[in-house]
There are 2 protein chains.
Amino acid sequence: MSTVICVGIATLDYIYAVPALPTEGAKYRASALAVLGGGIAANASVAVARLGGDASLYTRLGDDIAGDAIRAELGDEGVDVAASLPLGGRRSPVSAIMVDRAGERMIVSYSDPDMPAEPDWLPDFLPADADAVLGDTRWEAGALKLFRLARAAGIPAILDGDRKADPDLVSAASHAVFSEVGLREQTGVDDLEKALLGLDTGANWLAVTAGARGVVTCRHGRVGHVPAFAVDVVDTLGAGDVWHGAFALALAEGQGEDEAIRFASAAAAIKCTRFGGRKGAPSRAETETFLKERTS
Amino acid sequence: MSTVICVGIATLDYIYAVPALPTEGAKYRASALAVLGGGIAANASVAVARLGGDASLYTRLGDDIAGDAIRAELGDEGVDVAASLPLGGRRSPVSAIMVDRAGERMIVSYSDPDMPAEPDWLPDFLPADADAVLGDTRWEAGALKLFRLARAAGIPAILDGDRKADPDLVSAASHAVFSEVGLREQTGVDDLEKALLGLDTGANWLAVTAGARGVVTCRHGRVGHVPAFAVDVVDTLGAGDVWHGAFALALAEGQGEDEAIRFASAAAAIKCTRFGGRKGAPSRAETETFLKERTS
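Reading guide: rules and limits
- Residues numbered from 1 in each chain as written.
- Chains lettered and ligands numbered in written order.
- Predicted model: local features only at pLDDT ≥ 70, side-chain atom pairs only at ≥ 80, totals over all residues.
- Heavy atoms only, no water.
- Helix = DSSP H or I, 4+ residues; strand = E, 2+ residues; numbered from the N terminus.
- Rg over C-alpha atoms; globule rule 2.2 N^0.38 Å.
- Buried < 20%, exposed > 50% of the residue type's maximum accessible area, 1.4 Å probe, protein only.
- Contact = heavy atoms within 4.5 Å.
- Areas by Shrake-Rupley, 256 points an atom, 1.4 Å probe, with all protein chains shown as cover.
- Lys, Arg positive; Asp, Glu negative; His and termini not counted.
- Charge placed at Lys NZ, Arg CZ, Asp CG, Glu CD.
- Buried area = accessible area lost by both parts, 1.4 Å probe.
- Salt bridge = Lys/Arg side-chain N within 4 Å of Asp/Glu carboxyl O.
- Polar contact = N/O pair within 3.5 Å; in protein donor to acceptor, adjacent residues only side chain to side chain.
- Expected span 1.5 Å × (residues − 1).
- Pairing = 2+ DSSP bridges.
- Axes fitted to C-alpha atoms, helices over the stretch in contact; angles between N-to-C directions.
- Core = buried A, V, L, I, M, F, W, Y, C linked by side-chain atoms within 4.5 Å.
- Right-handed = clockwise from strand over helix to strand, strands pointing away.
- Least-squares fit on C-alpha atoms with pLDDT ≥ 70 in both.
- Parallel < 35°, antiparallel > 145°, perpendicular 65-115°, else oblique.
- Nonpolar A, V, L, I, M, F, W, Y, C, P; charged D, E, K, R; others polar.
- pLDDT = per-residue confidence, 0-100.

## Some remarks on the overall build of chain A
And step 1. Within chain A, the regular secondary structure consists of 9 helices and 15 strands.
And step 2. Against the 2.2 N^0.38 benchmark of 19 Å for 296 residues, chain A shows a C-alpha radius of gyration of 18 Å, consistent with a compact globule.
And step 3. Seen through its principal axes, chain A has C-alpha atoms that stretch 55 × 45 × 40 Å.
And step 4. Residues classed as buried in chain A amount to 56% of the 296 residues present.
And step 5. The long-range fraction of contacts in chain A, counting pairs at least 24 apart against all pairs at least 6 apart in sequence, stands at 61%.
And step 6. Only carbon and sulfur atoms are counted for the fraction: they give 51% of the accessible area of chain A, which is about 11900 Å².
And step 7. With 28 positive and 41 negative side-chain charges, chain A shows a spacing of 3 Å between the two charge centroids.

Printed below as a string of structure tokens:
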């Protein structure tokens, strides 16, 4: 079994179903409520575990009920969070997400501004069985430390660039995969291919996920394209995170980038057909069946 | 020590401080978060305990982390919640409250629609030391059952009529104290005195709290008025609930209605001068000092 170490954010999301999104200072009643773990790195770690990988998560949690719930839910998913101990006096990240009948979302999120940035509690040596490291932009100092350890160990370090990242973190990644928004924030360039070419220093592999339009890649000045799978989309919440988890696992297993993209795109496509955020992340068997069906 | 039994809602409120209230489907970041117990009957029970009374709360909670947090916080306040056991498979009431810099509030609340209405788990006999019962409109069948037991035992049954209530519940109360909104919803009459006179059947004592304008009372066709105390208002969240808790405790102690109104208005006034919802409810000594200062 391949091991992926994830580093970044884990949240507890309170998802309120409302007839219409709130618009002003008044009282609104929700018809349904779901309390679900979320967060980029945490969602990716769940995807890795469901796809048959060994997943560990390094994340900063507070000593509160949200932190306890986050840890318990990840543990139930088979993610190792043993090292992510509650930080005394700190508050875990939580969000209130209001979803209307058309699926439109209003997200109010809180992260403790006093959460320590220093990654001194992260290990100074990667576990011997680590096959890849995946990091998000929500704790850049933590991701940077583990990316450098990964590169020194000769294993892939994958950045989920969902928003503008520290340039040092982008350089430290062996594979930097941006969202469209993230790539535009990073480069100031609208055209995705030009943006990737502008970032390309030859030091690492770059890509941008463009939803239904597939993935654009760039390595040593050469641009590539891998199409997406067409599915009936029900819920995209967490789909990008599932994509990055699956991509990291595929690289950890020794798959090539184009093959890893297809695997990740299949996992994310299945997730999009199911309601409930990361609860819709697929198993390995489901993903392989999907890939066979779509390839034949 | 006098004993007040409270019956109604207890919630867990996630209070997000935001620069401006959300207006559309987008992402918003909160600068601060407070996670506090709330709910009408629960807030009133805390006020009773802080004012030196013996407070019990009968409330319907789910078997979730919010329910655990609600029970723990009430226990820390000295409220007896031993009978309010978690209901299997049910979800506790929670709210997301967004507060902007001007103090304006957007409240999104959820109550489990499958929470059992039947009050069969409530006691069929009041504890021998019960001196008053206080109920809200959030669990009318529960309040109705305990109001009838209170009337049979010859002790006051106080309704917090913050919104339209079952007419049977209003009749069952020895003292029905409405908010302005609640009285208008109940009667369809704008003028507060006329609304009270229209409700008056001679069977019980009626009143409406009108904020800074004081309290209007009505008994046997006679209307009275007790002025409010002027204070610099910082936060009104929970002030009405504190008022009702203090009023119920004063009646439980044998104070007359006008005296009880002054006591309750003093406790609520002090609460309004402090931030943090029911965390600002005063002690007995603070309330008595306030009353002395304002009377001399």
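Following the structure, the description resumes.
## Re the interface of chain A and chain B
And step 1. Between chain A and chain B, the contact holds 33 residues from the first and 33 residues from the second.
And step 2. Both faces combined, the contact of chain A with chain B buries some 2800 Å², and carbon together with sulfur accounts for 60% of it.
And step 3. One can count 0 salt bridges joining chain A with chain B.
And step 4. Linking chain A to chain B there are 13 residue pairs in polar contact (both at pLDDT 80 or more).
And step 5. Contributing elements (two or more residues each) for the side of chain A that touches chain B: strand 2 (11–17), strand 3 (27–29), strand 4 (32–38), helix 2 (65–76), strand 8 (94–99) and strand 9 (105–110) of chain A.

## Here's the deal with helix 3 (residues 140–153) of chain A
And step 1. Taking 1.5 Å per residue as the helical rise, helix 3 of chain A with its 14 residues ought to reach 20 Å, and the 20 Å between its terminal C-alpha atoms agrees with that figure.
And step 2. Among the residues of helix 3 of chain A, Gly142, Ala143, Leu144, Lys145, Leu146, Phe147 and Ala150 of chain A are the ones counted as buried.

## Considerations on the sheet that holds strand 2 of chain A
Strands in a sheet are paired, the pairing made by backbone hydrogen bonds, and the direction either parallel or antiparallel.
And step 1. On the basis of which strands lie adjacent, the open sheet formed by 5 strands has the order 4(A)-2(A)-8(A)-9(A)-3(B) and mixed pairing. Among the strands making up the open sheet, the edge pair consists of strand 4 of chain A together with strand 3 (27–29) of chain B. Adjacent strand axes in the sheet meet at a mean angle of 20°, parallel and antiparallel pairs treated alike.
And step 2. By the bridge criterion, 6 bridges tie strand 2 of chain A to strand 8 of chain A in an arrangement that is parallel. Each residue of the ladder has a partner; that of tyrosine 14 of chain A, found in strand 8 of chain A, is alanine 96 of chain A.

## Points about the nonpolar core
Nonpolar side chains tend to gather and get buried jointly when the protein is soluble and globular.
And step 1. Judged by nonpolar contacts, the single largest core of 128 residues is most densely connected at Tyr16, Met98 and Phe247 of chain A together with Tyr16, Met98 and Phe247 of chain B.
And step 2. When sequence neighbours within four positions are dropped, the list of residues in contact with tyrosine 16 of chain A reads Ala30, Ala32, Leu33, Ala96, Ile97, Met98 and Val99 of chain A together with Val94, Ser95, Ala96, Val108 and Tyr110 of chain B.

## A few points about the pairing of strand 12 (residues 175–179) of chain A
Residues and elements named next belong to chain A.
And step 1. Here strand 12 lies mainly inside the structure; 4 of its 5 residues are buried.
And step 2. Across 4 bridges, strand 11 (residues 157–161) lies against strand 12 in parallel orientation. Pairing of glycine 161 across the sheet is with phenylalanine 178, part of strand 12.
And step 3. In terms of handedness, the path from strand 11 via helix 4 (residues 167–172) over to strand 12 forms a crossover that is right-handed.
And step 4. Sheet topology places strand 12 next to strand 13 (residues 205–209); 5 bridges connect them, and they run parallel. Within strand 13, the position partnered with alanine 176 by the bridge is leucine 206.

## Regarding unusual backbone geometry
Residue and element names in this part refer to chain A.
And step 1. Non-glycine residue histidine 220 carries a positive phi angle of around 50°.
And step 2. Note on placement: histidine 220 falls in the loop between strand 14 (215–219) and strand 15 (222–226).
And step 3. Residue histidine 220 is classed as exposed on the basis of its relative accessible area of 53%.

## Points about the relation of the copies chain A and chain B
And step 1. Screw-axis analysis of chain A against chain B gives a translation of 0.1 Å along the axis, an RMSD of 0.1 Å, and a rotation angle of 180°. Seen this way, the second copy is the image of the first under a two-fold rotation axis. It is threonine 23 of chain A whose C-alpha, among those of chain A, lies nearest the rotation axis, at 2.4 Å.

## A few points about the pattern of salt bridges
And step 1. All told, the structure shown has 28 salt bridges over all chains when counted by the stated rule.
And step 2. Two residues, glutamate 253 of chain A and arginine 284 of chain A, come together in a salt bridge whose shortest N-O distance is 2.8 Å. Of the two residues, glutamate 253 of chain A is situated in the loop between helix 7 (239–252) and helix 8 (257–272) and arginine 284 of chain A in helix 9 (residues 284–295); the sequence distance between them amounts to 31 residues.
And step 3. Ionic pairing is found between arginine 50 of chain B and glutamate 77 of chain B, a salt bridge with its closest N-O pair at 2.8 Å. One end of the pair, arginine 50 of chain B, is in helix 1 (residues 40–50); the other, glutamate 77 of chain B, is in the loop between helix 2 (65–76) and strand 7 (86–87), with 27 residues separating them in the sequence.
And step 4. Residue classification places arginine 50 of chain B among the partly exposed positions, given a relative accessible area of 24%.
And step 5. The structure contains a network of salt bridges with shared partners spanning Glu73, Arg278 and Lys279 of chain A.

## Let's talk about the packing of helix 8 of chain A against helix 9 of chain A
Residue and element names in this part refer to chain A.
And step 1. Where helix 8 contacts helix 9, the two axes come as close as 9 Å, and the packing angle between them is 105°. It follows that helix 8 is roughly perpendicular to helix 9 by the angle criterion. Residues Arg262, Phe263, Ala266, Ala267, Ala269 and Ile270 of helix 8 form the contact with helix 9, whose own contacting residues are Arg284, Glu286, Thr287, Phe290, Leu291 and Thr295.
And step 2. When grouped by side-chain class, the residues that make up the contact of helix 8 with helix 9 number 7 nonpolar, 2 polar and 3 charged.

## With respect to the confidence of the model for chain A
And step 1. Looking at chain A, the pLDDT average stands at 95 and 100% of residues meet or exceed 70.
And step 2. Scored by ipTM, the complex comes to 0.78, with pTM at 0.81.

## A word on the pairing of strand 2 (residues 11–17) of chain B
Residues and elements named next belong to chain B.
And step 1. The buried fraction of strand 2 is high, at 6 of 7 residues.
And step 2. Here strand 2 runs beside strand 4 (residues 32–38); their pairing, made up of 7 bridges, is antiparallel. Within strand 4, the residue paired with alanine 17 across the bridge is alanine 32.

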